[in-house]
Amino acid sequence: MTLFPGVALVTGAASGIGRATAISFALEGCRRIAISDINLTGLHETAKYLKEVSSDVDILVNQVDTQEEAQIEDMVQATVAKFGRVDYAVNCAGVGGTRERSTDLTAKQFDFVTNINYRGVWLSSRFELAQMLKQEPLPTHDGRAGNRGAIVNIASQLGIVSTNNAPVYCASKAAVISMTKSDAIDYSKENIRINCVCPGIVDTPMTQGESGFTKALETSIAIAPMNRRGTPQEIADACLFLCSSKASFVQGHAMVIDGGYTIN
Ligand SMILES: NC(=O)c1ccc[n+]([C@@H]2O[C@H](COP(=O)([O-])OP(=O)(O)OC[C@H]3O[C@@H](n4cnc5c(N)ncnc54)[C@H](O)[C@@H]3O)[C@@H](O)[C@H]2O)c1
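Residues numbered from 1 in each chain as written. Predicted model: local features only at pLDDT ≥ 70, side-chain atom pairs only at ≥ 80, totals over all residues. Heavy atoms only, no water.

Attention shifts here to the overall build of the protein chain. From N to C terminus, the protein chain includes eight helices and seven strands. What you see for the protein chain is a C-alpha radius of gyration of 17 Å, in line with the 18 Å of a compact globule of 264 residues. Overall, the C-alpha framework of the protein chain stretches about 50 × 35 × 30 Å when taken along its three principal axes. Residues counted as buried form 53% of the 264 residues belonging to the protein chain. Just so you have it, the protein chain exposes about 11,500 Å², and 53% of that area is on carbon and sulfur atoms. Here the protein chain contributes 23 positively and 27 negatively charged side chains, and the mean placements of these two sets differ by 2 Å. (Helix = DSSP H or I, 4+ residues; strand = E, 2+ residues; numbered from the N terminus. Rg over C-alpha atoms; globule rule 2.2 N^0.38 Å. Buried < 20%, exposed > 50% of the residue type's maximum accessible area, 1.4 Å probe, protein only. Areas by Shrake-Rupley, 256 points an atom, 1.4 Å probe, with all protein chains shown as cover. Lys, Arg positive; Asp, Glu negative; His and termini not counted. Charge placed at Lys NZ, Arg CZ, Asp CG, Glu CD.)

Pasting the structure below:
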């Protein structure tokens, strides 16, 4: 029996960690997967990969800008209209922003990063929670009591520790960790689990190229004892564990997957 008999919803699924997570759900036997992103071309590429790994997977593609509350509400409603429920929600949509200290940043840049990385994740989880509250748990792989749903928010190692020239990004990720813990407290009694994952530097488009953000990463990679980038798959694996019934007693956790960056 698959660990994922229910419905998965992944935001930020056009690229990187979100794409790897969606593909992993398909590989692990999830047959109903909703993928969303602002980038429709990338979403169609992800859908093609899903079909390659699992020809009988049913896919819903939603183009969504997570700065827009109505679009997020529509995304969850469309998922429920097509698949009947939302069991595993992984909120990956995010941006790096520019590498500058506070006096060199504008309020507009602050709003952009905060609105996507924090407010967008909060809005996504808010609508996902509202649906999960309406549904009953599915049977689990070994007969233990299941949950009504499980949410994984993507934070960062930079929500645990900070770095130079990234005040807004670091704060947005610390906010995601804090919100995750608050929600975990509030929705435990309704049998919904909310956790977050805090990746270190992972090899995705966000950390490639020549932007100021990416150049500064080489120093950070050298700080981590494992001295390498993580792969999107290594983060996806943690997301799937936290969504699965094998994690039925894991609640409000900030799972750090960073090659040891934050222990150094
Ligand atoms: N790559 C890393 O090193 C790293 C480290 C820690 C945390 N993270 C976090 O992981 C998450 C995924 O990042 P990634 O590395 O896969 O980067 P990525 O750039 O490959 O993927 C991010 C995705 O989010 C989408 N997105 C951006 N703004 C959006 C919006 N307004 N609405 C909907 N979708 C939007 C992008 O189109 C893209 O597909 C982000 O939250 C990021 O902050 C990444």
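Another aspect to go through is the pairing of strand E5 (residues 149-154). Within E5, six of the six residues are buried, which leaves the element mostly enclosed by the surrounding structure. Neither face of E5 is exposed, since Gly149, Ile151 and Asn153 on one face and Ala150, Val152 and Ile154 on the opposite face are all buried. Direction of pairing for strand E4 (residues 88-91) relative to E5: parallel, over a ladder of four bridges. Paired with tyrosine 88 across the bridge in E5 is alanine 150. Read from E5 through helix H5 (residues 167-187) to strand E6 (residues 192-199), the crossover connection turns out right-handed. (Pairing = 2+ DSSP bridges. Right-handed = clockwise from strand over helix to strand, strands pointing away.)

For the rest of this paragraph, the subject is the site of the ligand. Neighbouring the ligand are 30 residues; Ser15, Ile17, Asp37, Val202 and Thr204 lie closest to it. One of the backbone N or O atoms of glycine 94 is found 3.5 Å from an oxygen atom in the ligand. Residue glycine 200 places a main-chain N or O atom 3.4 Å away from an oxygen atom belonging to the ligand. Burial of the ligand by the protein chains amounts to 92% of its free accessible area of 830 Å². Counting only elements with at least two residues in the shell around the ligand, the list comes to helix H1 (16-27) and H5. (Near = heavy atom within 4 Å. Polar contact = N/O pair within 3.5 Å; in protein donor to acceptor, adjacent residues only side chain to side chain.)

Within the structure shown, the criterion is met by three aromatic pairs. Judged by centre distance (5.2 Å) and plane angle (85 degrees), the ring pair of phenylalanine 4 and phenylalanine 25 falls under edge-to-face. Of this pair, phenylalanine 4 sits in the segment before strand E1 (7-11) while phenylalanine 25 sits in helix H1, and the two are 21 residues apart along the sequence. Here phenylalanine 4 falls in the buried class, since its relative accessible area comes to 2%. Between phenylalanine 4 and tyrosine 88, the aromatic rings sit 5.3 Å apart at their centres with planes inclined by 85 degrees, giving edge-to-face as the arrangement. Separated by 84 residues along the polypeptide, phenylalanine 4 in the segment before E1 and tyrosine 88 in strand E4 bring together distant segments of the chain. (Phe/Tyr/Trp six-rings, centres within 6.5 Å; stacked < 30°, edge-to-face > 60°.)

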